[in-house]
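Here are the chains, one letter per residue:
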Amino acid sequence: MNFFDSHAHYNDERFLDIRDKLIEDMYNDEITNIVCAGYNLEASKDAIELAKRYPHVFTTCGISPNDITENVDKELLEIEKIAKYEKNVAIGEIGLDYYWNKDNKELQKQVFIKQIEMANRLDLPIVIHTREAVMDTVQILKEHQVLNKGVFHCCPLNQELIKEGLKLGFYISFSGNVTFKNAKSAGCIELVPMDKILIETDSPYLAPEPHRGETNTSLFVKYVAQKIAEVKGISLEEVANQTKSNAEAIFKIK
Ligand code: NI
């Protein structure tokens with residue numbers, strides 16, 4: 001089986017000393033594609049360095065709502081330059097986060113919108129991070145057309161958000177949180193047609209059951225796929241294949 005982990009952070013400092021061996025080993029263990037997601041300028045550059053070393057690693061470049069500094073406008077100019085790299089597949093992760101940052105909502109919205117416009121100029125999709133900001137996120141997407149659509153990464157298990165996201169033509173990416181025992185994930189998974197689902201780990205965060213609390217790696221994406229297979233009543237292999245071709249479609253990977 002071949003799994004496509006559509007979102008992981010091997011640019012996180014937790015992976016610094018182990019990531020090369022990890023990425024090589026995982027490739028032999030069925031993790032045949034990884035998108036290493038940027039979240040600020042440095043992490044985006046670092047993701048590109050990794051993608052240059054490994055044919056199966058791709059990147060996103062962007063500034064997350066939790067990484068907005070006073071230099072954000074200068075940084076966005078840099079992001080736009082490096083995002084032209086041929087294996088950069090999206091602008092992301094970008095969006096709104098009112099859980100970690102409540103005091104700069106207007107600034108978050110501006111930076112989100114600027115990066116939607118950037119994605120349109122570069123002919124790329126976007127990867128969205130949204131936390132406790134569902135309504136504002138949806139409103140921005142309705143008011144600012146995203147030409148190449150994109151992905152709700154680590155999609156919150158919120159049925160309204162999922163419905164709106166699908167209506168807008170976006171993919172829904174499920175992560176380890178669908179495996180948590182108290183999660184109302186089945187109803188959310190049922191809502192999403194198989195050709196709109198991606199799977200991800202968001203490593204090193206959010207390790208799925210039965211590894212909750214450990215450092216996450218792309219190997220654990222199988223547990224996310226397994227949960228989807230259970231809910232949809234299909235085989236693990238079908239989930240692996242379909243989510244891989246979905247990721248290749250939205251990220252235009254041949
Ligand atoms: Ni992430």
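Located above this text is the structure these notes cover.
Residues numbered from 1 in each chain as written. Predicted model: local features only at pLDDT ≥ 70, side-chain atom pairs only at ≥ 80, totals over all residues. Heavy atoms only, no water.

Throughout the structure, instances matching the rule amount to four aromatic pairs. Aromatic side chains Y10 and F15 sit 4.7 Å apart centroid to centroid with 40° between the ring planes, which places their arrangement in the tilted category. Neither residue differs from the other here; Y10 and F15 are each classed as buried. Considering the side-chain rings of F220 and Y223, the 5.8 Å spacing of their centres and the 65° angle between planes classify their relative orientation as edge-to-face. Classification of F220 as buried rests on a relative accessible area of 13%. Its relative accessible area of 31% is what places Y223 among the partly exposed residues. The residue whose ring lies beneath K87 is F58, and the NZ or CZ to ring-centre distance is 5.3 Å. Note that K105 overlies the ring of Y98, its terminal NZ or CZ placed 4.6 Å from the centroid. (Phe/Tyr/Trp six-rings, centres within 6.5 Å; stacked < 30°, edge-to-face > 60°. Buried < 20%, exposed > 50% of the residue type's maximum accessible area, 1.4 Å probe, protein only. Lys NZ or Arg CZ within 6 Å of the ring centre and 35° of its normal.)

What the eight strands build is an open sheet, ordered 1-2-3-4-5-6-7-8; its pairing is parallel. Both outer strands of the open sheet, strand 1 (3–8) and strand 8 (197–199), are each paired with one neighbouring strand and no more. Pairwise comparison of adjacent strand axes, ignoring direction, gives a mean angle of 25° for this sheet. Of the strand pairs in this sheet, strand 7 (residues 171–174) and strand 8 are connected by three bridges, and their pairing is parallel. Residue pairing for strand 8: S173 is matched across the bridge by L198. Packed on one face of the sheet, helix 5 (residues 134–143) meets strand 4 (88–97), strand 5 (126–131) and strand 6 (150–152) and runs near 150° to strand 5. (Pairing = 2+ DSSP bridges. Helix = DSSP H or I, 4+ residues; strand = E, 2+ residues; numbered from the N terminus. Axes fitted to C-alpha atoms, helices over the stretch in contact; angles between N-to-C directions. Contact = heavy atoms within 4.5 Å.)

Turning to the coordination of the nickel ion, a few remarks are in order. Looking at the nickel ion, one finds its protein donor set to be H7 (NE2), H9 (NE2), E93 (OE) and D202 (OD), positioned 2.1 to 2.3 Å from the metal centre. Considering all four donor atoms around the nickel ion, angles at the metal cover 82 to 174° and the coordination shape is irregular. Site description for the nickel ion: donor spacing in sequence, H-x1-H-x83-E-x108-D. Here the residue H9 occupies a position in the loop between strand 1 and helix 1 (19–28), and D202 occupies one in the loop between strand 8 and helix 8 (221–232), the gap between them amounting to 193 residues. Like H9, the residue D202 is buried in the burial classification. (Donors = N, O, S within 2.8 Å, 3.2 Å for Na, K, Ca; no water. Tetrahedral: all angles 85-135°; square planar, octahedral: opposite > 155°, others 65-115°.)

On to the side chain of Q108, then. Considering the arrangement of structural elements, one finds Q108 in helix 4 (residues 105–122). Look at Q108 and you get buried, because its relative accessible area is 0%. Aside from chain neighbours lying at most four places away, what touches Q108 is P65, I68, G95, L96, D97, Y98 and N101.

Take helix 1 next. Given 3.6 residues per turn, any residue in an α-helix points the same way as the ones three and four places further on. If you check which residues of helix 1 are buried, you get R19, L22, I23 and M26. For helix 1, the arc enclosing every buried residue in end-on projection is 95°, short of the 170-degree limit, so these residues lie on one face. Exposed side of helix 1, more than 90 degrees from the buried face: K21 and N28 are the residues found there. (Arc of directions from axis to C-beta.)

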